[in-house]
Amino acid sequence: MKRLMFLALPLLLVAGSAGQAKTTAPPDLKWIDGPVGLPAGASFAVVSGDPTRRGMFTVQIKMPANYAVRPHWHPTDENLTLVSGKLAYGMSDQLDRANAQALSPGEKVVMKAKGHHWVFTGDGAVIQISSMGPFVINYVDPADDPRGVPKKP
């Protein structure tokens, strides 16, 4: 009986870790500026899927030191994992550094669909986002949108 349990333990450990998402960047990721809708200075790489199309996708985003994404929301849940660096976030209509919650590398948070949230970095950060596409970002205050405020005709 002890021998059977000894043999079964490694199988359970492997099976238990099989469903966990990887949060390390594969060495062949292609990093580009953007994505559109985020302030200048960030770069991103597609890990899987296509964020411009309908369906599941995963991207990683590199944010420089002292980078902030002002209050915004998405039409679908956003599963965010801090890969490296320092990142703080909050759920409100105003970026509030004093009441931000910090993430440590490997920690995850779910930004619920249509929930207003924001993030900022300390010394820079790499995050991984998994969500349903297409990726859409809507700013609470249109003046915060780096794509520019739409001009009225």
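Residues numbered from 1 in each chain as written. Predicted model: local features only at pLDDT ≥ 70, side-chain atom pairs only at ≥ 80, totals over all residues. Heavy atoms only, no water.

A. Examining the layout of surface pockets more closely. Taken as a whole, the largest pocket holds about 230 Å³ of empty space. Contributing to the lining of the largest pocket are 14 residues, with P35, V36, P51, T52 and F135 lying nearest its centre. Contributing elements (two or more residues each) for the lining of the largest pocket: β2 (43–48) and β3 (55–63). A per-element tally of the lining of the largest pocket places β3 first, with three residues. (1 Å grid on protein atoms, 1.4 Å probe; cavity = no way out; pocket = protein on both sides within 12 Å on 5 of 7 lines; lining within 4 Å. Points joined across faces, edges and corners; volume = space filled by probe spheres on them. Helix = DSSP H or I, 4+ residues; strand = E, 2+ residues; numbered from the N terminus.)

B. Spotlight on the side chain of E78. Locating E78 in the fold gives a position in strand β5 (residues 78–90). Comment: no salt bridge for buried E78; closest opposite-charge side chain is K112, at 12 Å. Discounting residues that sit within four places of it in the chain, E78 has contacts with V109, V110, M111, H117, I129, S130, S131 and F135. (Buried < 20%, exposed > 50% of the residue type's maximum accessible area, 1.4 Å probe, protein only. Lys, Arg positive; Asp, Glu negative; His and termini not counted. Salt bridge = Lys/Arg side-chain N within 4 Å of Asp/Glu carboxyl O. Contact = heavy atoms within 4.5 Å.)

C. Quick look at the confidence of the model for the chain. Residues with a pLDDT of 70 or more make up 79% of the chain, whose mean pLDDT is 85. Every residue in residues 1–22 scores below 50 in pLDDT, and together they form one contact with partners more than four places removed in sequence or on other chains. (pLDDT = per-residue confidence, 0-100.)

D. Spatial organisation of unusual backbone geometry. At the junction of G34 and P35, the peptide bond is cis and its omega measures out at 10 degrees in the coordinates. Inspection of the secondary structure puts P35 in the loop between β1 (32–33) and β2. Following G133, the chain continues to P134 via a peptide bond in cis, the omega torsion being 0 degrees. Inspection of the secondary structure assignment puts P134 in the loop between β8 (117–133) and β9 (138–139). We note that N66 has phi near 55 degrees; this positive angle belongs to a residue other than glycine. Counting through the fold element by element, N66 comes out in the loop between β3 and β4 (68–73). A positive phi angle, near 65 degrees, is found at K114, a position not held by glycine. Positionally, K114 belongs in the loop between β7 (108–111) and β8.

E. Representation of the nonpolar core within the structure. Counting 22 residues, the largest nonpolar core has I61, L87 and I127 as its most contacted members. Looking at this core, the elements that each hand over two or more residues are β3, β5, β7 and β8. Setting aside residues up to four positions removed in sequence, I127 forms contacts with V59, Q60, I61, M63, L80, T81, L82, V83 and L87. A68, L95, W118 and F120 belong to the second-largest nonpolar core, a separate cluster that totals five residues. (Core = buried A, V, L, I, M, F, W, Y, C linked by side-chain atoms within 4.5 Å.)

F. View of the pattern of salt bridges. A full pass over the atoms with the stated rule returns four salt bridges. Measuring nitrogen to oxygen at the nearest pair gives 2.8 Å for the salt bridge that ties D145 to R147.

G. The pairing of β4, seen in detail. As judged from the three bridges shared by β4 and β8, these two strands associate in the antiparallel manner. Directly across from H72, in β8, lies its bridge partner H117. Inspection of the sheet shows β4 paired to β9 by two bridges, in the antiparallel sense. Paired with H72 across the bridge in β9 is Y139. (Pairing = 2+ DSSP bridges.)

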